[in-house]
Amino acid sequence: MRFKISLYILSLLSVLSTAAGAEEILVPESATKRVLVPSSDIGQTWRARTSYADSDWLLCSGAPGGVGYEMQSGYENRITLDVSDRMYESGSNPNSSCYIRILFSLTSTTIESISKLTLRMRYDDGFLAYLNGVLVAQANADGAVVWNAAASATHEADGQDSFTITEFKGQLKAGDNLLAIQGLNSGTNSSDFLINAELV
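Residues numbered from 1 in each chain as written. Predicted model: local features only at pLDDT ≥ 70, side-chain atom pairs only at ≥ 80, totals over all residues. Heavy atoms only, no water.

A. Structural context of the pattern of salt bridges. One pass over the structure, following the stated rule, counts five salt bridges. A salt bridge links Glu-23 to Arg-120; the nearest nitrogen and oxygen atoms lie 2.7 Å apart. Taken together, the residues span a long stretch of sequence, with Glu-23 in the loop between helix H1 (2-20) and strand S1 (33-36) and Arg-120 in strand S6 (residues 118-124) at a distance of 97 residues. Looking at Glu-23, the relative accessible area reads 52%, which means it is exposed. Arg-120 sits in the buried class, given a relative accessible area of 19%. (Salt bridge = Lys/Arg side-chain N within 4 Å of Asp/Glu carboxyl O. Helix = DSSP H or I, 4+ residues; strand = E, 2+ residues; numbered from the N terminus. Buried < 20%, exposed > 50% of the residue type's maximum accessible area, 1.4 Å probe, protein only.)

Listed below in structure tokens is the structure:
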């Protein structure tokens, strides 16, 4: 009997431990996004203000959620919004940079329960990620990054790369929040491009 009770207690502790460390997806890859391939410098408020007027930006909605293009094969099953006509060299005003805004809402209870915050990125070739206007992660983005910047190196989006950003938990607020990303391609002649984010 004592052995059975001990097993029950161990099982209960295991369940409680798993629940306490459960992962919650704050921003899924399929989250609705507003997307702009800029043709000029529009400043920096797009990446800081939840109230920024982006209704005329492209809409990316539904799974799989990726923003990008594929001129050969590889990323076609990851892309919801194809931006090849705006980024690739054959377009009227090609650009290696792409702006992405993702609005999401949180409660104060959710924020208080966060012990670890992770940004998971699928990116080809680089990016800068901002949480309510604060830079929280970047890759292949060297030096001063302007509106038409290119990635400083190539990177294949074969899977999700994780970036621990727990130190920026204080940037989260109850109500509306903004995850903004400047995606960077290696050049306008690159055969592919992909950006997608998940915040957990």
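On we go from here.
B. Representation of the sheet that holds strand S3 (residues 66-70) in the model. Taken together, five strands build an open sheet; the order of strands is S4-S3-S11-S6-S9 and the sheet is mixed. Edge positions in the sheet fall to strand S4 (79-82) and strand S9 (161-164), since each of these pairs with one other strand and no more. Each strand axis lies, on average, 35 degrees off the axis of its neighbour in the sheet, ignoring direction. Inspection of the sheet shows S3 paired to strand S11 (residues 192-199) by four bridges, in the antiparallel sense. Bridge pairing in S11 links Val-67 to Ile-195. (Pairing = 2+ DSSP bridges. Axes fitted to C-alpha atoms, helices over the stretch in contact; angles between N-to-C directions.)

C. Region of interest: the side chain of Ser-84. Within the secondary structure, Ser-84 sits in helix H2 (residues 84-87). Under the relative-accessibility criterion, Ser-84 is labelled buried at 19%. If near-sequence neighbours (up to four positions away) are discounted, Ser-84 is found in contact with Gly-68, Tyr-69 and Met-71. (Contact = heavy atoms within 4.5 Å.)

D. Structural view of the pairing of strand S8 (residues 134-139). Note: strand S7 (residues 126-131) against S8, five bridges, orientation antiparallel. Directly across from Phe-127, in S8, lies its bridge partner Ala-139. Counting the residues in the hairpin turn of S7 and S8 gives two residues, including Asn-132, whose phi is positive at 50 degrees.

E. Quick peek at the sheet that holds S1. Pairing is antiparallel in the open sheet, where six strands are placed in the order S2-S1-S5-S10-S7-S8. Of all the strands in the sheet, the pair left with one neighbour each is strand S2 (58-60) and S8. Across the sheet, the mean angle from the axis of one strand to that of its neighbour is 25 degrees, orientation sign disregarded. Pairing geometry for strand S5 (residues 97-106) and strand S10 (residues 175-184), over ten bridges, is antiparallel. Residue pairing across strands places Arg-101 opposite Ala-180, the latter belonging to S10.

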